[in-house]
Amino acid sequence: MFLKNNDLLKEMDFIKRCKPHSKQIEDYIESFIAPDLIAFYIASGFYSSSIYEQKLDTLITTGLEFLNTSINNNEILIDNIKKILKIKYNLSILEVNPLILETYYK
């Protein structure tokens, strides 16, 4: 059930209820939304030749700016981006500095 607008939460109630909810949202963004958006950003820029050659970290930062967020675990994010690029966009990463991609299946 949702809280009512007139429900005032004490600090301990807020910590017990709202903090875990916020953490779930952050985890969801980090696990699903951010990697998918960044992979799309990289793939669409690659296939349309519309973004400049740069480091993978720079492209990740740019993608995260679209979401106005930051990520706690960059390694997991990069692994997820690599998987999405491979599965959805037929791309594999050869180098990360600067980012060099190739089509996975020829």
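This text gives an overview of the structure that appears in the document. None of these values were measured; they are calculated from a predicted model.

## A short note on the pairing of strand 1 (residues 91-96)
Sheet analysis places strand 1 next to strand 2 (residues 99-103), joined by five bridges and oriented antiparallel. In the sheet register, leucine 91 faces strand 2, and the bridge partner there is threonine 103. Where strand 1 folds back on strand 2, the antiparallel hairpin that results is connected by two residues.

## Things to note about the environment of alanine 43
Within the element layout of this structure, alanine 43 appears in helix 1 (residues 11-48). As for alanine 43 and leucine 91, which are separated by 48 residues in sequence, their C-alpha atoms are 7.6 Å apart. Sequence-distant contacts of alanine 43, that is, excluding residues within four places in its chain, are made with Leu85, Tyr89 and Leu91.

## Here's the deal with the packing of aromatic side chains
Within the structure shown, the criterion is met by four aromatic pairs. Ring centres 5.1 Å apart and planes at 40 degrees place the aromatic pair tyrosine 28 and phenylalanine 32 in the tilted group. One end of the pair, tyrosine 28, and the other, phenylalanine 32, are both in helix 1, four residues apart, so they sit about a helical turn from each other. By relative accessible area, phenylalanine 32 is classed as exposed at 51%. With a centroid separation of 6.4 Å and 55 degrees between ring planes, the pair formed by phenylalanine 40 and tyrosine 89 is classed as tilted. Highlighted residues: phenylalanine 40 in helix 1 and tyrosine 89 in helix 3 (residues 74-89), separated in sequence by 49 residues.

## Structural notes on helix 3
When the terminal C-alpha atoms of helix 3 are compared, their 21 Å separation across 16 residues agrees well with the 22 Å that a helix rising 1.5 Å per residue should span. Restricting attention to buried positions, one finds in helix 3 the residues Leu77, Ile78, Asn80, Ile81, Ile84, Leu85 and Tyr89. Viewed end-on, helix 3 has its buried residues packed into an arc of 165 degrees, placing them on one side of the element. Seen from the buried face of helix 3, the exposed residues on the opposite side, beyond 90 degrees, are Glu75, Lys83 and Ile87. With a side-chain oxygen positioned 3.2 Å from the backbone nitrogen of glutamate 75, the residue opening helix 3 is asparagine 73. Count one or two residues on from helix 3 and you reach asparagine 90, which has phi positive near 60 degrees.

Thresholds, definitions, all that
- Residues numbered from 1 in each chain as written.
- Predicted model: local features only at pLDDT ≥ 70, side-chain atom pairs only at ≥ 80, totals over all residues.
- Heavy atoms only, no water.
- Pairing = 2+ DSSP bridges.
- Helix = DSSP H or I, 4+ residues; strand = E, 2+ residues; numbered from the N terminus.
- Contact = heavy atoms within 4.5 Å.
- Phe/Tyr/Trp six-rings, centres within 6.5 Å; stacked < 30°, edge-to-face > 60°.
- Buried < 20%, exposed > 50% of the residue type's maximum accessible area, 1.4 Å probe, protein only.
- Expected span 1.5 Å × (residues − 1).
- Arc of directions from axis to C-beta.
- Polar contact = N/O pair within 3.5 Å; in protein donor to acceptor, adjacent residues only side chain to side chain.

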